[in-house]
Structures are given as structure tokens and as C-alpha cells.
Amino acid sequence: MPRTESLISHFECYDCGRTYDLDHTEFPCPACGGILDPRYDYDSLTTTRDEIEARDGSMWKYRELLPIRNDDDIVSLGEGNTPMIDCPELADEMGVARVTIKDEGQNPTNTFKDRGASASISGASQQDVEEVAIPSAGNAGQAAAAYAARAGIDCHVVLNYQSNDIQKTMVEAHGADLHLVDGKLDKAGERFGELRDEYDWYTVATFQTPFRHEGKKTMGLEIFEQFDWEGPDGIVYPTGGGVGLIGIWKAYQELAELGWLEDETPPSLHVAQSSGCAPVVEAINEQRTEHTPWDCPESIGRGIEVPDPGASSWMLEAVYETGGTGVAVTDEEALEGALAGARHAGIEMCVEPGAALAAAEQMAEEGELDEDDEILIINTGAGNKATDALSYAMK
């Protein structure tokens, strides 16, 4: 098989530091239950920054920094390479030099979840897995179903009944086995755990596989390349499980290690959450190193309604190391943020990135942004994932 020239060398547990070879398939870490993270031999890189820039196509242009060793195992639908869209009207309103939105809604299933699905299903293919499973609030399940179909791998998706009809329909349209449960995401996670143990499923769930957050890392690699290898001053990220935030942080660290950055000052990473479920923002406000699980989560933005994110210490490290902060906004503010993106920039946003835009606006109003700041907002999903909520907001 043709090789990708991946620099991956081994897996390392983020929590306990134990290392595992690349044939290891027991996830998460069997010693402590921690997150296994791919590690790379940067000294072996022969590809130049200019060669990376010259490549076209999907997120796999960064294949040396991704954990798939052979081309035949890559499962791709053209994900990644999403545009940066300048929003001068929003910049004027916020009183900053520049506002840019990275439009992840232009991915194949219309959310940034496609990046993680491409990497995790590719990882399953690399390990000769024939059946995968995932619990989800909706979008990750739809993405996993699409990429598993592409790979010819059977897929099980556990969703809540309250998930969007688009997501439930498309999971089954891709041929995946849909399991619906009552309650919120934590109940889906509990049922998934029971089914996984009963049927010995290979999981592609958040941080239960070492591959998924590597796909999200490509979002960060693109950001730095699109900003001419410098990066913006601040990135506002709608945060649930925080996979993308950690991916961006990893991208910065790896590019700094390679010496590819023109300015090694990291962008400030800002967490945006819902006031109805803000465990990470609460931890930031209290300067803690771990969150406290949120009681009675309630948000219209299901993707950020994550009461007990499993990697909060990693997220908080990223925020503190970059001088970031955390902002919680109401559902109403998040919806207004999504509508502002549509009306002032022409970008179709769902509720979760609307929360990020609203958080940036709140930071500007409170004087936390400077007039020469360049601010990036991540649009994690297209507005077609939230048409009911947006319609309600416009009444």
C-alpha cells in the first residue's frame, strides 16, 4: 500500500503518560482510562511548509501530521479546506480591526464533525475494524454514519429522541443502525456504554479513540496557514466536549515545534458556552484546573449542552496557557448571534456558533477586546441544522 509518510510514532496517555505501540486497539488507556494521544517524530519531517501550501484537496493535505500510515486506509469525502470569511460589518460593530469566521458548515455533512469522523473511521480502517459505534447529540452521529458508509464499515449510532430530525433521518439514510433513547446526551452516553460492553463495539466516541481529535486538529492547521502562519489574536470557540479547541491547541504546539510559525505567540483561546450549561466557563471564572459537572443542563444548542466534558483539564490548560477566557451566553443571545452571522455576513450558522459570535460581542462590549485585535469565530455547523430554532427566534 502507498504510504502517507505519517510521522506518527506511538500513542501516549495524556493523563498517566504511559505509551503504547501503533497496533494497540484498547481505548481509552487501559491503565487509567485516560485519553490516548498520537505522538509524532517531528525530526523525521522532510516536507516543507511551501509543499504543504501547494497541496490542494481535503484536510489530508496535512497527512504527515495525521495518524494514518497508508493511503488506502484514508476515508475522505473532501472534508476540510473550509474558507475564512472576512466580516467587516461585524468588526465595525465590535470595534476591532478584523472579524473572520471559519465556515465549517461547508463540510460534507455541514459540520466540523466531518473532520473527526474522517480521522476516526480512517483509524478504524487502519486497524481492520468492521463495526464502529458512537453516542452523539446528533451531528457527530450523522458524520460517523456517512464516513462508515464510505468505508464499508457497519455503524451504530446512539441518539436522543430530541435530536434533530435531519440527523436521525440521515443516520439511517447512510445505513447505520440508529438507537434512540430518552433524556439528554448523558443518557445516550450511558446507553451507549451498556451496548458497547454487551456487543464489544469499537468506539469512535469523543476522546475514546486517539484518532478523532486529530481530525479536529486539522482545523487549527488550516487556521494558521490561512493566517499566513501567524494566527489571529483570539479565537472564540463554541465549546461542548471541546475536541476542536484541543485540536487547535495541538495544531499550534506542533507548528511551533516544527518552527513553521512566523509569530510563536499563540492566539488566545476563548470558550463560549450556554448559560444553561457552562461547566468549563465556571471553572475558568474560578481558576480551577478541572470542571464540576453541571446539574440540570438546559440549552437549545445541543452541541454545547455537555454537562460533564471528559477532557476539561486539557481544555483549561489551553485557555490558561494562551491567556484566554470563558463567556456564557443565553439561548436568546446565541440565536441572535446566529442571525447576526446570516444578516451581516451572509453566513448560515446554527445555534452553537451563534453562541460564539454572541460571546465575542459581549467581550467587545465589556472592553476585553482591543481596536487592533483580529478575532476568529468558528462556525461549527450550517444553519440548516437549526432551522426550527432560527424560525422560532424570528417570530
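Residues numbered from 1 in each chain as written. Predicted model: local features only at pLDDT ≥ 70, side-chain atom pairs only at ≥ 80, totals over all residues. Heavy atoms only, no water.

## Structural notes on the pairing of strand E8 (residues 177-181)
Inspection of the sheet shows strand E7 (residues 154-160) paired to E8 by five bridges, in the parallel sense. Counterpart to leucine 159 in the pairing with E8 is leucine 180. Once you follow E7 into helix H5 (residues 165-173) and on to E8, the crossover reads as right-handed. (Pairing = 2+ DSSP bridges. Helix = DSSP H or I, 4+ residues; strand = E, 2+ residues; numbered from the N terminus. Right-handed = clockwise from strand over helix to strand, strands pointing away.)

## Structural notes on the sheet that holds strand E10 (residues 234-238)
In spatial order, the strands read E4-E5-E13-E10-E11-E12; together these six strands make up an open sheet with mixed pairing. Each edge of the open sheet carries a strand with a single partner, namely strand E4 (84-86) and strand E12 (326-329). Geometrically, the sheet is characterised by an average inter-axis angle of 25° between neighbouring strands, direction not taken into account. Sitting on the sheet, helix H8 (residues 243-258) is in contact with E10 and strand E11 (268-274), with an inclination near 155° to E10. (Axes fitted to C-alpha atoms, helices over the stretch in contact; angles between N-to-C directions. Contact = heavy atoms within 4.5 Å.)

## A word on helix H7 (residues 212-226)
With 15 residues, H7 ought to run about 21 Å at 1.5 Å a step, and its terminal C-alpha atoms sit 22 Å apart, in line with that. Within H7, 14 of the 15 residues are buried, which leaves it mostly tucked inside the rest of the structure. Trailing H7 by a residue or two, aspartate 228 shows a phi angle of about 55°, which is positive. (Expected span 1.5 Å × (residues − 1). Buried < 20%, exposed > 50% of the residue type's maximum accessible area, 1.4 Å probe, protein only.)

## Quick notes on the nonpolar core
Judged by nonpolar contacts, the single largest core of 80 residues is most densely connected at Ile121, Val132, Tyr202 and Ile223. If you tally residues by element for this core, the top one is H8, at nine residues. Those residues in contact with isoleucine 121 that lie beyond four places of it in its chain are Val75, Val132, Ala144, Tyr147, Ala148, Ala151, Ile153 and Val204. Ranked by size, the runner-up nonpolar core spans 35 residues in total, among them Ile304, Leu335, Ala340 and Ala364. (Core = buried A, V, L, I, M, F, W, Y, C linked by side-chain atoms within 4.5 Å.)

## Remarks on the environment of valine 157
Relative to the helices and strands, valine 157 resides in strand E7. With sequence-adjacent residues up to four places away left out, valine 157 is seen in contact with Ile134, Gly141, Val171, Ala176, Asp177, Leu178 and His179.

## Looking at the pairing of E7
In terms of residue burial, E7 counts as a mostly covered element, since six of its seven residues are buried. In the classification by handedness, the crossover that spans strand E6 (residues 131-135), the intervening helix H4 (residues 139-151) and the parallel E7 is right-handed.

## Notes on the packing of helix H3 (residues 113-126) against H7
Close contact between H3 and H7 brings their axes to 6 Å; oriented N to C, the two are set at 130°. Judged on the interaxial angle alone, H7 and H3 are oblique. Along this stretch, H3 crosses H7, giving a crossing that reads as right-handed. Where H3 abuts H7, its residues Lys113, Arg115, Gly116, Ala119 and Ser120 lie against Arg212, Gly215, Lys216, Thr218, Met219 and Glu222. Tallied by class, the residues present in the contact of H3 with H7 amount to two nonpolar, four polar and five charged. (Parallel < 35°, antiparallel > 145°, perpendicular 65-115°, else oblique. Left-handed = near helix turned anticlockwise from the far one by under 90°. Nonpolar A, V, L, I, M, F, W, Y, C, P; charged D, E, K, R; others polar.)

## Considerations on H5
Looking at H5, one finds that the buried residues are Gln167, Lys168 and Val171. The buried residues of H5 occupy an angular sector of 100° when the element is viewed end-on, so they sit on one face. Opposite the packed face of H5, turned more than 90 degrees from it, sit the exposed residues Asp165 and Ala173. In this structure, the buried residues of H5 make contact with H4, E7 and E8. The backbone nitrogen of isoleucine 166 has a side-chain oxygen 2.7 Å away, supplied by the residue at the start of H5, namely asparagine 164. The first or second residue beyond H5 is glycine 175, which carries a positive phi of 90°. (Arc of directions from axis to C-beta. Polar contact = N/O pair within 3.5 Å; in protein donor to acceptor, adjacent residues only side chain to side chain.)

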